[in-house]
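Breakdown of the fold
Given next are the chains, with one letter for each unit.
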Amino acid sequence: MRALTWHGKHDVRVDTVPDPQIVNPRDAIIEVTATAICGSDLHLYDGVIPGLQPGDILGHEFMGRVVETGSKSTLKKGDRVVVPFTISCGACFFCQQQQFSACDNSNPVEKQEASELLYGHAMSGLFGYSHLTGGYPGGQAEYVRVPFSDVGPIVIPDGVSDEQVLFLSDILPTGWMAAENADISDGDTVAVWGCGPVGLFAIQSALLMGAHQVIAIDHYPRRLELARKLGAKIIDYTQTHVLEALMEMTGGIGPDAVIDAVGMESHGFSPDRMMDAVKQKVGIGADNAHALRMALTAVRKGGRVSIPGVYGGMADKFPLGALMQKGLQVRTGQTHVQRYTRQLLHRILEGEIDTTFLISHRLSLEDAPTGYRNFHGKQNEWTKVVLTPGAAAGASTGN
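Residues numbered from 1 in each chain as written. Predicted model: local features only at pLDDT ≥ 70, side-chain atom pairs only at ≥ 80, totals over all residues. Heavy atoms only, no water.

Per an unreviewed UniProt entry, the chain goes by Glutathione-dependent formaldehyde dehydrogenase and derives from Paracoccus aerius. The Sequence similarities (unreviewed entry) comment attached to the chain in UniProt states, word for word, "Belongs to the zinc-containing alcohol dehydrogenase family." Under the UniProt heading Cofactor (unreviewed entry), the entry covering the chain gives this text: "Zn(2+)". (UniProt positions renumbered as here; feature names shortened; annotations may be inferred.)

Right under this line is the structure:
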C-alpha cells in the first residue's frame, strides 16, 4: 500500500509499504477514505517530538470503511467509521474512568520504558505518533490496522459526508474538551491563544457552552477572520499589547478562563520565545511555552487554565508564582476522544456544529509532502489539509 512516512526533520515521503494485517482478535483493518494533517503532525515534521524512527507512518486523523475484522471485533465489514487518535482498551482503570487517553494497556510493554523515564508513567498508545506512544502506524495511508476496534471507532450513518465527521477523530473533541476543561459558565470571558484548528474548535465550543465573550489571539489574518466569523473578538498580537487589551476588554479583571491552543512551538519575537527556540534547535528538550506563560499571566485571580496545546519536554522561566499566588486551576492532557464522539456526532447531525469551514485544501495522499510543506510554511492560507488515498496526484482543490 501507499503511505506517508517520516524520514527526518522536514523530510516526509509517500512510500510503498506492506499492507497491515490482523494481529489480535479485537483488531480491524480500515480502508482509509479521508485523512488530515494535524497541527500536532507539524511537531513531528519539525523534529521536536522524540521517539520517531525513519519509515514511521504518520497521521492520526482518519476515517474509512472496514474491510477485515478480528474474531472479537464488534465492527462489520462495510461499516463506515471514524477512528479516534487515542488507542484505548476500554477495560483498564483509566478507561473505566473514561480517561481514555491514559489507557494502561494500549502502549506495548516494550515501548513503555522511555515515556516512564520522561513522564513518570507510561503513555497510552496513539496512532501515527512517537514510539513513546507505541509506534503505531498512522492513518495517512491507504489502510490502517485499528487495535481495540470494539472500543474506539464510531460508526457513521449514511448521508453524511466524510468532511462533516472526519474531525471527530481528534481536533473537534480536542477543542470541545479544551472548552470543557475551562469550566465555562454563562457570562464568562474566555481568551484563546492560537486560531489553528484546535483553537477554532475551542472557540466554537466555548460559545456553545455559554461563554459571554470569547477573545481569539493570533497573528494570521485569515485565521483571525475565521475566529471572528465564529463570534469571537480578535487580537492580533503583532499589532496590540495583548495583556493590556485583555484587561481593557474585561473591565480590569482579566479573562475568567484561558485556553492555550498553541503548545510547544509558539511564534513571535519576545525574549523568552527566542531563547526557547534556540534551545529547541540544539535539541535539549525545551518546549517553547511563550503562549502558556502569557495565558497564566493574563487570566484573572482564581481563574481557570486549559491546555490542549501539545507539550513534550521541559519548560523553564515558568511563572509558577503566578499560578500559585493567583490561585489558578489548570487542566490539560491528551483528549479522551471516545468520551465525546457520540455527543459531538449528534450535534453535527442536528446542524449545531459545522466543521467543514476549516478545510482550506484537499489533496491526494500522493501529494501529502506538498501538504506538509505548505501547512507548515503558509499557515495563513493553509488552515486545514484533507488527504484522499487513491486520488490522482496533483488533483488538489482549495476553498
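Description of the UniProt feature "domain: Alcohol dehydrogenase-like C-terminal" (unreviewed entry) in the chain
If you check UniProt for "domain: Alcohol dehydrogenase-like C-terminal" (unreviewed entry), the listed places come out as residues 197–264 in our numbering. Taken end to end, residues 197–264 comprises 44% helix and 21% strand; its first and last C-alpha atoms sit 16 Å apart. (Helix = DSSP H or I, 4+ residues; strand = E, 2+ residues; numbered from the N terminus.)

Some details on the domain arrangement of the chain
Domain boundaries in the chain define domain 1 (2–170 + 336–398) and domain 2 (176–332). For domain 1 versus domain 2, the separation of C-alpha centres amounts to 26 Å. Contacts between domain 1 and domain 2 engage 30 residues on the former and 20 residues on the latter. Of the roughly 2,300 Å² buried between domain 1 and domain 2 on both sides combined, carbon and sulfur atoms contribute 61%. Among the residues of domain 1 in contact with domain 2, Phe357, Gln379 and Asn380 are the three that bury the most area, contributing 25% of the side total. At the boundary of domain 1 and domain 2, one finds one salt bridge. Here glutamate 180 ties to arginine 339 by a salt bridge, and the two come within 3.8 Å at their closest N and O atoms. (Domains from an automatic or database assignment. Contact = heavy atoms within 4.5 Å. Buried area = accessible area lost by both parts, 1.4 Å probe. Salt bridge = Lys/Arg side-chain N within 4 Å of Asp/Glu carboxyl O.)

Looking at the sheet that holds strand 4 (residues 56–57)
Taken in spatial order, the three strands line up as 2-1-4 in an open sheet, and their pairing is antiparallel. A strand with exactly one partner marks an edge of an open sheet, and here the two such strands are strand 2 (11–16) and strand 4. Where strand 1 (residues 2–8) meets strand 2, six bridges bridge the pair, whose relative direction is antiparallel. Bridging from a neighbouring strand, alanine 3 pairs with aspartate 15 of strand 2. Those strands touched by helix 13 (residues 368–377) are strand 1 and strand 2, and its axis lies near 165 degrees from that of strand 2. (Pairing = 2+ DSSP bridges. Axes fitted to C-alpha atoms, helices over the stretch in contact; angles between N-to-C directions.)

Regarding the packing of aromatic side chains
Overall, the coordinates contain six aromatic pairs when judged by the stated rule. Taking 5.5 Å as the distance between ring centres and 45 degrees as the angle between the ring planes, the aromatic pair formed by tyrosine 45 and tyrosine 372 counts as tilted. In this pair, tyrosine 45 sits in helix 1 (residues 39–45) while tyrosine 372 sits in helix 13, placing the two residues 327 residues apart along the sequence. Like tyrosine 45, the residue tyrosine 372 is buried in the burial classification. (Phe/Tyr/Trp six-rings, centres within 6.5 Å; stacked < 30°, edge-to-face > 60°. Buried < 20%, exposed > 50% of the residue type's maximum accessible area, 1.4 Å probe, protein only.)

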